[in-house]
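Residue-level listing of the chains:
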Amino acid sequence: MRKPIIAGNWKMYKTATEAKQFVEEVNGLVPDSEKLDAVICAPAIFLAQLVVSAENSPLQIGAQTMSEEDEGAFTGEISPVQLTDIGVKYVIIGHSERRQYFNETDESANKKVKAAFNHGLIPILCVGETLEQRENGETGAVVEAQVEQGISGLTEEQITQLVIAYEPIWAIGTGKTATAEDANEVCGIVRKKVAALYHDEAAEKLRIQYGGSVKPATIDELMGMEHIDGALVGGASLEAGSFVKLLEAGS
Ligand code: PEP
């Protein structure tokens, strides 16, 4: 049985004060970590503060990106060493917004995934097709290639700890959700690809999230699907009540 994982991606929203209030509101309402992994991926500027705010709750804190380097003259970057040092547990890698606006690629995602594992962070590797690719029938091939390059060189043990988020780009922040069947089909393609690259046992343990306009009203159906083990959620993770509803559906 794969443990569900619901992760909020706050992107560049909230002030430190709002973030603290959010965590105080949800702290007592987060399901036990044996049932579900609940994660908030927050802006880097208040990660350290949120780790402290969530100390007595099962809520875990994640970053939204990081450098693949341990340290050095990389102005503005944040390293995996720095993230683990303050108690961050997860990191989103290769989100489509990072690929679109910050030139991230499958190659850089792969370096970051490896760097995350090297420092005890759990990477959430994002993959997904554009609308044009979907309309051209290329979804499977695009996602398979992103998975193959993104996980290249990982050990079998790392595959079983990895989280992959299937996020069709056309569904992110648009209000358009893939149908549960379509999302499940692509998550199944991801699992099959990992099985082909490693083997069935590792692929069965891999957790795959769906992301793209997930809301409390849509999560139940998604979570009922064979290959969907959780959700990566932007907009609907920003409000405490809505985030808690997502956690309840996931657990
Ligand atoms: C995301 O940021 O990864 C995301 C899926 O956003 P939204 O839920 O707002 O579509």
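Residues numbered from 1 in each chain as written. Predicted model: local features only at pLDDT ≥ 70, side-chain atom pairs only at ≥ 80, totals over all residues. Heavy atoms only, no water.

### Let's talk about the overall build of the chain
Along its length, the chain carries twelve helices and eight strands. The C-alpha radius of gyration of the chain comes to 17 Å, within 12% of the 18 Å expected for a compact globule of 251 residues. Dimensions of the chain, computed from C-alpha atoms along their principal axes, come out at roughly 45 × 45 × 35 Å. Counting over 251 residues, the chain shows a buried share of 53%. Within the chain, counting contacts between residues at least 6 apart in sequence, those at least 24 apart form 73% of the total. By element, 48% of the accessible surface of the chain is carried by carbon and sulfur atoms, the whole surface being about 11400 Å². (Helix = DSSP H or I, 4+ residues; strand = E, 2+ residues; numbered from the N terminus. Rg over C-alpha atoms; globule rule 2.2 N^0.38 Å. Buried < 20%, exposed > 50% of the residue type's maximum accessible area, 1.4 Å probe, protein only. Contact = heavy atoms within 4.5 Å. Areas by Shrake-Rupley, 256 points an atom, 1.4 Å probe, with all protein chains shown as cover.)

### Digging into the side chain of Asp37
Position of Asp37 among the secondary structure elements: in strand β2 (residues 37–41). Reaching out from Asp37, the side chain makes a polar contact with the side chain of Tyr90 at a distance of 3.4 Å. Of the polar contacts made by the side chain of Asp37, one reaches the side chain of Arg207; its length is 2.8 Å. With residues near it in sequence (within four places) discarded, Asp37 still touches Lys3, Pro4, Ile5, Ile6, Gln60, Tyr90 and Arg207. (Polar contact = N/O pair within 3.5 Å; in protein donor to acceptor, adjacent residues only side chain to side chain.)

### Structural notes on the site of the ligand
If you check the shell around the ligand, you find 14 residues, and the closest are Lys11, Glu167, Gly173, Ser213 and Gly234. Here Gly173 contributes a backbone N or O atom positioned 2.6 Å from an oxygen atom of the ligand. Contact distances for the ligand include 2.8 Å between an oxygen atom and a backbone N or O atom of Gly234. Considered on its own, the ligand offers 290 Å² of accessible surface; in the complex 96% of this is hidden by protein. (Near = heavy atom within 4 Å.)

### Topic: the pairing of strand β1 (residues 5–9)
Burial of β1 is extensive: five of the five residues sit out of reach of the surface. Alternating positions in β1 separate into two faces, Ile5, Ala7 and Asn9 on one and Ile6 and Gly8 on the other, with burial throughout. Direction of pairing for β1 relative to β2: parallel, over a ladder of five bridges. Its bridge partner being in β2, Asn9 is matched across the sheet by Cys41. With respect to chirality, the unit in which β1 leads through helix α1 (residues 16–26) into the neighbouring parallel β2 is right-handed. Sheet topology note: the β1/strand β8 (residues 230–233) ladder contains four bridges and is parallel. For Gly8, the partnering residue across the bridge sits in β8 and is Val233. (Pairing = 2+ DSSP bridges. Right-handed = clockwise from strand over helix to strand, strands pointing away.)

### Quick notes on the UniProt feature "binding site: substrate" (unreviewed entry) in the chain
Using the residue numbers shown here, the UniProt feature "binding site: substrate" (unreviewed entry) corresponds to Asn9, Trp10, Lys11, Gly173, Ser213, Gly234 and Gly235. Over a stretch of 227 residues, the named residues converge on one spot in the fold, their C-alpha atoms separated by at most 13.7 Å. Checked against the lining of the largest pocket, the annotated residues reduce to Asn9 and Lys11. Secondary-structure assignment places Lys11 in the loop between β1 and α1. Those residues within four positions of Lys11 in sequence are excluded, and the remaining contacts are Pro43, Gln64, His95, Glu97, Ile172 and Gly234. Among the secondary structure elements, Ser213 is positioned in the loop between β7 (207–211) and α11 (216–223). (UniProt positions renumbered as here; feature names shortened; annotations may be inferred. 1 Å grid on protein atoms, 1.4 Å probe; cavity = no way out; pocket = protein on both sides within 12 Å on 5 of 7 lines; lining within 4 Å.)

### Let's talk about the packing of helix α5 (residues 106–118) against helix α7 (residues 139–150)
Where α5 contacts α7, the axes come no closer than 8 Å and their chain directions differ by 40 degrees. Considered as vectors, α5 and α7 are oriented oblique to each other. Judged by the sense of rotation from one axis to the other, the crossing of α5 with α7 is right-handed. Where α5 abuts α7, its residues Asp106, Asn110 and Val113 lie against Gln146, Gln149 and Gly150. (Axes fitted to C-alpha atoms, helices over the stretch in contact; angles between N-to-C directions. Parallel < 35°, antiparallel > 145°, perpendicular 65-115°, else oblique. Left-handed = near helix turned anticlockwise from the far one by under 90°.)

### Quick look at the packing of α1 against helix α12 (residues 240–250)
Put simply, α1 and α12 touch, their axes get as near as 10 Å, and they point 45 degrees apart. Relative to α12, the element α1 lies oblique. In the packing of α1 onto α12, the handedness of the crossing is right-handed. Note on element contacts: α12 touches α1 through Ala240, Phe243 and Val244, opposite Phe22, Glu25 and Val26.

### Let's talk about the packing of aromatic side chains
As enumerated under the stated definition, the model contains three aromatic pairs in all. Seen from their ring centres, Phe22 and Phe243 are 5.7 Å apart, and the 50 degrees between their planes marks the pair as tilted. Placement of Phe22 in helix α1 and of Phe243 in helix α12 is noted, with a sequence separation of 221 residues between them. Classification of Phe22 by relative accessible area gives buried; the value is 3%. Classification of Phe243 by relative accessible area gives buried; the value is 0%. For the pair Tyr166 and Tyr210, a centre-to-centre distance of 6.2 Å together with 55 degrees between the ring planes defines the contact as tilted. With a gap of 44 residues between them, Tyr166 in strand β6 (residues 163–166) and Tyr210 in strand β7 connect regions that are remote in the sequence. The same class applies to Tyr166 as to Tyr210, namely buried. (Phe/Tyr/Trp six-rings, centres within 6.5 Å; stacked < 30°, edge-to-face > 60°.)

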